[in-house]
Amino acid sequence: MLNDEICKLREKLNNSIINGQDYEVTYKLSTELDMLIAEYYKIDLIPHGKRKVKDSIKRKIMNKK
């Protein structure tokens, strides 16, 4: 699942920061994580320029709280 990939990549990024890895490695992991998170939170544009999170994602977020 996408959520599992996000968690694994977040862990890699955290370890990269903690271990002081080269900036290029940390930056690459960070941008990959950003792209996965953006995919997870895909949005639908609605009239008047407002954005709305898809209902299925909204339910997942609410269930985790």
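Note that this is a predicted model, so its numbers are computed, not measured.

Draft legend 1. Main features of helix H2 (residues 23-40). With 18 residues, H2 should cover 26 Å at 1.5 Å per step; its first-to-last C-alpha distance of 26 Å lies within 8% of that length. Put simply, Asp22 is the residue that caps the front of H2, since its side-chain oxygen is 3.2 Å from the backbone nitrogen of Glu24.

Draft legend 2. Structural view of the packing of aromatic side chains. Summed over the entire model, instances satisfying the criterion amount to 1 aromatic pair. Plain terms: the ring middles of Tyr23 and Tyr27 are 5.9 Å apart, the flat faces sit at 25° to each other, and that makes the pair stacked. Taken together, the residues Tyr23 and Tyr27, both in helix H2 and 4 residues apart, mark about one turn of the helix. Among the residues examined, Tyr23 registers a relative accessible area of 58% and is labelled exposed. A residue is classified by how much of its surface remains accessible, and Tyr27, at 47% relative accessible area, is partly exposed.

Draft legend 3. Focus on helix H1 (residues 2-18). Between the first and last C-alpha of H1 there are 24 Å, a value that for 17 residues agrees with the 24 Å anticipated at 1.5 Å per step. Listed in full, the buried residues belonging to H1 are Ile6, Leu9, Leu13 and Ser16. Along the long axis of H1, the arc covered by the buried residues comes to 85°, so they all point the same way. Facing away from the buried side of H1, by more than 90 degrees, are the exposed residues Lys8 and Ile18. Each element contacted by the buried residues of H1 is listed here: H2. One or two steps after H1, the chain reaches Gly20, where phi turns positive at roughly 65°.

Draft legend 4. Seen up close, the nonpolar core. Core analysis: the biggest nonpolar cluster contains 7 residues, these being Ile6, Leu9, Leu13, Leu29, Leu33, Leu36 and Tyr40. Contributions of two or more residues to this core are made by H1 and H2. Of all the elements, H2 adds the most residues to this core, at 4 residues. Ignoring sequence-local partners within four residues, the contact set of Leu33 consists of Ile6, Leu9, Arg10 and Leu13.

Draft legend 5. Geometry of the environment of Tyr40. The residue Tyr40 is located in helix H2 in this model. Sequence spacing of Tyr40 and Asn3 is 37 residues, and the spatial spacing of their C-alpha atoms is 7.6 Å.

What counts, and where the lines are drawn
Residues numbered from 1 in each chain as written. Predicted model: local features only at pLDDT ≥ 70, side-chain atom pairs only at ≥ 80, totals over all residues. Heavy atoms only, no water. Helix = DSSP H or I, 4+ residues; strand = E, 2+ residues; numbered from the N terminus. Expected span 1.5 Å × (residues − 1). Polar contact = N/O pair within 3.5 Å; in protein donor to acceptor, adjacent residues only side chain to side chain. Phe/Tyr/Trp six-rings, centres within 6.5 Å; stacked < 30°, edge-to-face > 60°. Buried < 20%, exposed > 50% of the residue type's maximum accessible area, 1.4 Å probe, protein only. Arc of directions from axis to C-beta. Contact = heavy atoms within 4.5 Å. Core = buried A, V, L, I, M, F, W, Y, C linked by side-chain atoms within 4.5 Å.

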